[in-house]
Amino acid sequence: MKNIAIFGSGSGSNAEKILEYFSSCTHAKVALIASNNRSSFILQRAKKHGIDSFVFSKKQLFNFSEFNDKLLEKKIDFIVLAGFLLKIPKKLVAFYKNRIINIHPSLLPKYGGKGMFGMNVHKAIIENNEPYSGITIHLVNEFYDQGKILFQEKCNVSTAETAESLSKKISILEHQFFAPTILNYIKKCQS
Ligand code: GAR
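One structure accompanies this document, and this report is about it. (Residues numbered from 1 in each chain as written. Predicted model: local features only at pLDDT ≥ 70, side-chain atom pairs only at ≥ 80, totals over all residues. Heavy atoms only, no water.)

**Considering the pairing of strand 4 (residues 78-81)**
The side chains of a regular strand alternate between both faces of the sheet. Burial of strand 4 is two-sided: the residues Phe 78 and Val 80 facing one way and the residues Ile 79 and Leu 81 facing the other way are all buried. Both strand 4 and strand 5 (residues 100-104) contribute to a ladder of 3 bridges, which runs parallel. Counted as the bridge partner of Ile 79 is Ile 100 from strand 5. Of the crossover connections in this fold, the one passing from strand 4 over helix 5 (residues 90-95) to the parallel strand 5 is right-handed. (Buried < 20%, exposed > 50% of the residue type's maximum accessible area, 1.4 Å probe, protein only. Helix = DSSP H or I, 4+ residues; strand = E, 2+ residues; numbered from the N terminus. Pairing = 2+ DSSP bridges. Right-handed = clockwise from strand over helix to strand, strands pointing away.)

Here it is, written out as structure tokens:
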């Protein structure tokens, strides 16, 4: 059984789907939820599911040995970033090489990089009259949104689309594909 830690900064709707999906999985389970935001709803979701959680500051995240001790204590094998807005420090990326998975609300490499998160991405897509958007699930390396792509799914952007309506379309895709893609990847690593 592999242990997953979910890192999130916001509402945690993806975390919720992952928690539900892995609750009956025999290959992996969510063992920890961590957030840099004390008021993130993801912490309520952890409580509801009886999963340990902790809140950390940016400074604590960059204190590698202390931070990593927490992960080792929980025997974390994979880290999943579900709406996590801080950059992962290089040392942590190196320690968890090919074991950190992120979801991004666009078809990377388009609309990725610093400052491109959540509604900022959807607004930029609408402003540029893009005919398509989508989701990307990828491994995390030391550069923002540039790790190996594991999965992408496209959706149409209609002429009447708003950033809000696009955000809803993207959430549906994320909720459908994120958890199964994580499991497929974990299985692939084991084989
Ligand atoms: C998701 O749409 C995710 O793709 C995005 O934040 C949202 C979190 O929603 N992540 C990024 O933009 C990362 N660059 P959630 O908290 O409801 O899961």
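**A look at the nonpolar core**
In terms of nonpolar packing, the biggest core is built from 39 residues, with Ile 6, Ile 18, Phe 22, Phe 178 and Ile 182 touching the most fellow members. Contacts of Phe 178, omitting those with residues within four sequence positions, involve Asn 14, Ile 18, Val 80, Leu 81, Ala 82, Ile 101, Asn 102, Ile 103 and Ile 137. Listed in part, the 21 residues of the second largest apolar core include Ala 31, Leu 61, Leu 81 and Val 93. (Core = buried A, V, L, I, M, F, W, Y, C linked by side-chain atoms within 4.5 Å. Contact = heavy atoms within 4.5 Å.)

**Looking at the side chain of Ser 35**
With respect to the secondary-structure elements, Ser 35 resides in strand 2 (residues 28-35). On the accessibility criterion, Ser 35 (0% relative accessible area) is buried. If we ignore the near neighbours within four places in the chain, the residues touching Ser 35 are Gly 8, Ser 9, Ser 40, Ile 42, Leu 43, Phe 54, Val 55 and Phe 56.

**A closer look at the pattern of salt bridges**
Applying the stated criterion across every chain, the model contains 6 salt bridges. Where Arg 45 meets Glu 16, a salt bridge forms, and the shortest distance between an N and an O atom there is 3.1 Å. Here Glu 16 lies in helix 1 (residues 13-22) and Arg 45 lies in helix 2 (residues 42-49), a separation of 29 residues in the sequence. Across the pair, Glu 16 and Arg 45 agree in class, each one buried. For Glu 16, the salt bridge goes to Lys 48, with nearest N and O atoms at 2.9 Å. One end of the pair, Glu 16, is in helix 1; the other, Lys 48, is in helix 2, with 32 residues separating them in the sequence. Overall, Glu 16 belongs to the buried group, its relative accessible area being 7%. Linked through salt bridges whose partners overlap, the residues forming this network are Glu 16, Arg 45 and Lys 48. (Salt bridge = Lys/Arg side-chain N within 4 Å of Asp/Glu carboxyl O.)

Read these as geometric descriptors, not functional statements.
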